[in-house]
Amino acid sequence: MAEEMKQEKKKVYVETTVVSDATALPTNDLTLAERQMATREWWKSASERFDLFVSPIVRREAAKGDVDAAKRRLEALTSFPELELTAEASVLAQKFVEAKAVPAKFKEDALHIAIAAVEGMDYLVSWNFRHITNAQIIPKIKKVCSDCGYICAEICTPQMLQEEGQDEA
């Protein structure tokens, strides 16, 4: 009976900006520092509360840039299962570009969203406010997903997925 009561964890696609903030060195930029702190708080318990996934695109992006930072990002992702970049996801990403939901030169952002939809993720967490976590483009993304027979993952920031009661005194 207790086994029947056990609730299945929600599936979360972790986009590159989240692992970047979780592993970044401290900054003097107050906005970025707040974002990093919120990400680290979420990161601490995220794997207990959710099934976390990445894609080959996340690993490729995480490997770019400063060698030490890339090493920290990749180490943080070692235990995350990797979702496939399928032909289905590539086609859906192209539909996002055609619908002008994501600019063509940011096709990898479209692929993050498409992989999350094709793989049935419940959430896509990102700090990319330009092309992913953007209230003006999310309706376009949801429409393309729906038109193509997919349910769009709920697109949000780690802060939006904080544990219930986390801010209570």
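Cut-offs and rules
Per-chain numbering applies: the sequence of each chain, read as written, is numbered from 1 onward. Only residues with pLDDT of at least 70 are given local features in this predicted model, and only at 80 or more are side-chain atom pairs given and counted; all residues enter the totals for whole chains, interfaces and linings. Note that water and hydrogens are dropped before the side-chain values are worked out from all heavy atoms of the structure. The term salt bridge refers to a side-chain nitrogen of Lys or Arg lying within 4 Å of a carboxyl oxygen of Asp or Glu. Secondary structure follows DSSP: runs of H or I at least 4 residues long count as helices, runs of E at least 2 residues long count as strands, and numbering of each begins at the N terminus. Under the scheme applied here, a residue whose accessible area is under 20% of the maximum for its type counts as buried, over 50% as exposed, and between as partly exposed, the area being computed with a 1.4 Å probe on protein chains only. Take the buried residues of types Ala, Val, Leu, Ile, Met, Phe, Trp, Tyr and Cys, join any two whose side-chain atoms come within 4.5 Å, and each joined set is a nonpolar core. Contacts are assigned to residue pairs that have any heavy atoms within 4.5 Å of one another. The pairing criterion is simple: DSSP has to find at least two bridges between the two strands. To get an axis, a line is fitted to the C-alpha atoms, and for a helix only the part in contact is used. The angle between two axes follows their N-to-C directions and goes from 0 to 180 degrees.

Draft legend 1. Region of interest: the pattern of salt bridges. Enumeration over the complete set of coordinates arrives at six salt bridges. Measuring nitrogen to oxygen at the nearest pair gives 2.9 Å for the salt bridge that ties Arg-60 to Glu-108. Of the two residues, Arg-60 is situated in helix H4 (residues 56–62) and Glu-108 in helix H7 (residues 107–118); the sequence distance between them amounts to 48 residues. With relative accessibility at 24%, the residue Glu-108 sits in the partly exposed group. The closest approach of N and O atoms between Lys-142 and Glu-154, which form a salt bridge, is 4.0 Å. With Lys-142 in helix H8 (residues 138–147) and Glu-154 in strand S4 (residues 154–156), this pair connects stretches of sequence that are twelve residues apart. Classification of Lys-142 as partly exposed rests on a relative accessible area of 34%. Among the residues examined, Glu-154 registers a relative accessible area of 40% and is labelled partly exposed.

Draft legend 2. Structural view of the nonpolar core. Val-14, Trp-42, Leu-92, Phe-96 and Ile-141 are the most contacted members of the largest nonpolar core, which totals 50 residues. With sequence-adjacent residues up to four places away left out, Trp-42 is seen in contact with Val-12, Val-14, Val-18, Arg-49, Phe-50, Leu-52, Val-125, Pro-158, Leu-161 and Gln-162.

Draft legend 3. Region of the structure containing the environment of Leu-161. Note that Leu-161 resides in the segment after S4. Sequence-distant contacts of Leu-161, that is, excluding residues within four places in its chain, are made with Val-12, Trp-42, Arg-49, Phe-50, Tyr-123, Val-125 and Cys-156.

Draft legend 4. Seen up close, the sheet that holds strand S2 (residues 50–53). Sheet architecture is open: four strands sit in the order S2-S1-S3-S4, paired in parallel fashion. Edge strands, defined here as strands with exactly one partner in the open sheet, are S2 and S4. Across the sheet, the mean angle from the axis of one strand to that of its neighbour is 25°, orientation sign disregarded. The pairing of strand S1 (residues 10–14) with S2 spans four bridges and is parallel.

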